[in-house]
Amino acid sequence: MSKQFDVIVIGGGPGGYIAAIRAAQLGFNVACIDEWKNDKGGPAPGGTCTNVGCIPSKALLQSSEHFEHANKHFAEHGITATGVKMDVAKMIARKDTVVKQNNDGILYLFKKNKVSFFHGRGSFVKAAEGGYEIKVAGAAEESLTGKQIIIATGSNARALPGTPFDEELVLSNDGALRVGAVPKKLGLIGSGVIGLEMGSVWRRLGAEVTILEGLPTFLGAVDEQIAKEAKKAFDKQGLKIELGVKVGEIKTGKKGVSIAYTNAKGEAQSLDVDKLIVSIGRVPNTIGLNTEAVGLALDERGAIVVDADCKTNLPGVWAVGDVVRGPMLAHKAEEEGVAVAERIAGQHGHVNFNTVPWVIYTSPEIAWVGRTEQQLKADGVKYKAGSFPFLANGRARALGDTTGMVKMLADAETDEILGVHIVGPQASELIAEAVVAMEFKASSEDIARICHAHPSLSEATKEAALAVDKRTLNF
């Protein structure tokens, strides 16, 4: 007999588990289905973010940053460290422990909020009276029926045509997080978030890293001034980034991977590496969902079609996160998950795409919210711009990391903040102030008149706000 629920969430990633918990808090009888497995075959909720994305990559970035500091920066602090070595196996084991802690935390939250968890793959069977029948294919097959269905099945790494991932030589984000030894030469195709973060990890540990990017500009979605500053820092670190390339044939063999490509000048080139990470984007994951059984509409990319409220073409069926339109970001999925749960409860869920922050966790970190200067110019918006370098920030000097700047863009007439862009230390944390300010439609003067602790990196944000009106205190 089918088990009855008010809400069934298919997918236990950031969008799914957050939606399930919020729906339960609102008084619904909720089930969450997720098929991720740990190395022992047990449940590992958290989706791509927790298992092979956001969380493990940050663990490796932190470990590799410690290693680089010990080798290159301790001496300037008067610390002598000789014979520093990296135990890659132990680094990977620590990363796995961090992942498991997050998996276990989600299972605990399910239990605490009385969410029924089912380990397996969820798929539609048919529309049923008052809802939908969902099959759970796991250790034992189960049948559930739900009045409201929330799909949060995430996305999968996009492979190059003709070059599938083998996760040994040609790696997706999954394989890139499980490399057992530092490769002598590492190639990356794509200079997006995954490419830059993973390239940074293995460069710090001693790999010779080359990134091949098809676009003629570096980080085209980032404010141009910020992207140029980041590129200078990466060049100085030794990351080799080639722009405007066209990748040709890729061959794998006992010696590694050989990539044929043409450079920006149209000249034929080849690159031989031990391993190749392909990070050219992600595709919505609807594999095995059996959408055709109920007539769920998909677009040309395979994403589930939703309206502004995340409603699909089917009554009582919603979709959130990477499997729908919009940026493929964990925190965007979380916001949609909460909003959908609240809409099901008759409340007014809120998601503002204009204030969704973006972060690249390299060193220097890159973070931004709102529109870039090039977007404002293209849209014909009159604006004011102000920036402030970390080189003139006392806390940055004390940290020994003065790379980068904070840049603020505001409406020329109303002074409302239209965008904030940061490259530099702890940009991922600093951007939150800008998000709050923009959500409440603050002006640059509002930020300039708020007291910021001294010395702090956040003073650079205040200085950028002051610079919008050509003023500066220059702390």
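Residues numbered from 1 in each chain as written. Predicted model: local features only at pLDDT ≥ 70, side-chain atom pairs only at ≥ 80, totals over all residues. Heavy atoms only, no water.

What exactly am I supposed to notice about the sheet that holds strand 18 (residues 365-370) here?
Backbone hydrogen bonds are what pair the strands of a sheet, in a parallel or an antiparallel way. An order of 17-18-21-20-19 is seen for the 5 strands of this open sheet, with the pairing classed as antiparallel. Among the strands making up the open sheet, the edge pair consists of strand 17 (358-360) and strand 19 (383-389). Along the sheet, successive strands turn relative to each other by an average axial angle of 10°, direction set aside. In terms of strand pairing, strand 19 meets strand 20 (residues 405-411) through 7 bridges, oriented antiparallel. (Pairing = 2+ DSSP bridges. Helix = DSSP H or I, 4+ residues; strand = E, 2+ residues; numbered from the N terminus. Axes fitted to C-alpha atoms, helices over the stretch in contact; angles between N-to-C directions.)

Would you mind showing me how to read the packing of helix 1 (residues 14-25) against helix 4 (residues 88-112) here?
For any two helices packed against each other, the geometry is given by the interaxial angle and the distance between the axes. One way to put it is that helix 1 packs onto helix 4 with a least axis distance of 10 Å and a crossing angle of 20°. Comparing the axis directions of helix 1 and helix 4 gives the class roughly parallel. The interaxial crossing formed by helix 1 with helix 4 has left-handed handedness. Residue-level inspection shows Tyr17, Ala20 and Ile21 of helix 1 in contact with helix 4, the latter providing Ile106, Leu109 and Phe110. When its residues are assigned to classes, the contact of helix 1 with helix 4 shows 6 nonpolar, no polar and no charged. (Parallel < 35°, antiparallel > 145°, perpendicular 65-115°, else oblique. Left-handed = near helix turned anticlockwise from the far one by under 90°. Contact = heavy atoms within 4.5 Å. Nonpolar A, V, L, I, M, F, W, Y, C, P; charged D, E, K, R; others polar.)

Can you help me understand the UniProt feature "domain: Pyridine nucleotide-disulphide oxidoreductase dimerisation" (unreviewed entry) in the protein chain in this one?
Residues given the UniProt feature "domain: Pyridine nucleotide-disulphide oxidoreductase dimerisation" (unreviewed entry) here are residues 356-465. The span residues 356-465 carries 35% helix and 28% strand; its end-to-end C-alpha distance comes to 20 Å. (UniProt positions renumbered as here; feature names shortened; annotations may be inferred.)

Explain the packing of aromatic side chains to me, please; I cannot follow it from the model alone.
Note on aromatic pairs: each is described by the distance of the centres and the angle between the planes. Tallying each qualifying case throughout the model produces 5 aromatic pairs. Seen in terms of ring centroids, Phe124 and Tyr132 are 6.0 Å apart; in terms of plane orientation they differ by 80°. Their pairing is edge-to-face. Aromatic pair Phe218 and Phe234: ring centres 6.1 Å apart, planes at 80°, arrangement edge-to-face. With a gap of 16 residues between them, Phe218 in the loop between strand 9 (208-212) and helix 7 (224-237) and Phe234 in helix 7 connect regions that are remote in the sequence. A single burial state applies to Phe218 and to Phe234, both of which are buried. (Phe/Tyr/Trp six-rings, centres within 6.5 Å; stacked < 30°, edge-to-face > 60°. Buried < 20%, exposed > 50% of the residue type's maximum accessible area, 1.4 Å probe, protein only.)

Just to check I follow, could you spell out the pattern of salt bridges for this structure?
Pairing between side chains of opposite charge can happen when the charged atoms of each approach one another. Counted under the stated rule, the structure contains 27 salt bridges. For Glu342, the salt bridge goes to Arg22, with nearest N and O atoms at 3.2 Å. Highlighted residues: Glu342 in helix 8 (residues 330-344) and Arg22 in helix 1, separated in sequence by 320 residues. With a shortest N-O distance of 2.8 Å, Asp223 and Lys407 are connected by a salt bridge. Taken together, the residues span a long stretch of sequence, with Asp223 in the loop between strand 9 and helix 7 and Lys407 in strand 20 at a distance of 184 residues. Lys407 shares its class with Asp223; the two are buried. Each of Glu68, Lys72, Arg203 and Arg204 takes part in a single network of salt bridges with overlapping partners. (Salt bridge = Lys/Arg side-chain N within 4 Å of Asp/Glu carboxyl O.)

Got a minute to help me understand the sheet that holds strand 8 (residues 185-189) in this structure?
Spatially, the 5 strands line up as an open sheet ordered 7-14-8-9-10, and their pairing is parallel. Edge positions in the sheet fall to strand 7 (170-171) and strand 10 (240-242), since each of these pairs with one other strand and no more. In the sheet, strand 7 pairs with strand 14 (residues 275-278) via 2 bridges, with the strands oriented parallel. Looking at strand 14, one finds that Leu171 is bridged to Ile277. In the packing of helix 6 (residues 193-204) onto the sheet, contacts are made with strand 8, strand 9, strand 10 and strand 14, and the angle to strand 9 comes to roughly 165°.

What is the right way to read the pairing of strand 9 from this model?
Residues in a regular strand point their side chains to alternate faces of the sheet. Taking burial as the measure, the 5 residues of strand 9 include 4 buried ones, the bulk of the element. Across 5 bridges, strand 8 lies against strand 9 in parallel orientation. Along strand 9, the bridge assignment pairs Leu186 with Val209. Of the crossover connections in this fold, the one passing from strand 8 over helix 6 to the parallel strand 9 is right-handed. (Right-handed = clockwise from strand over helix to strand, strands pointing away.)

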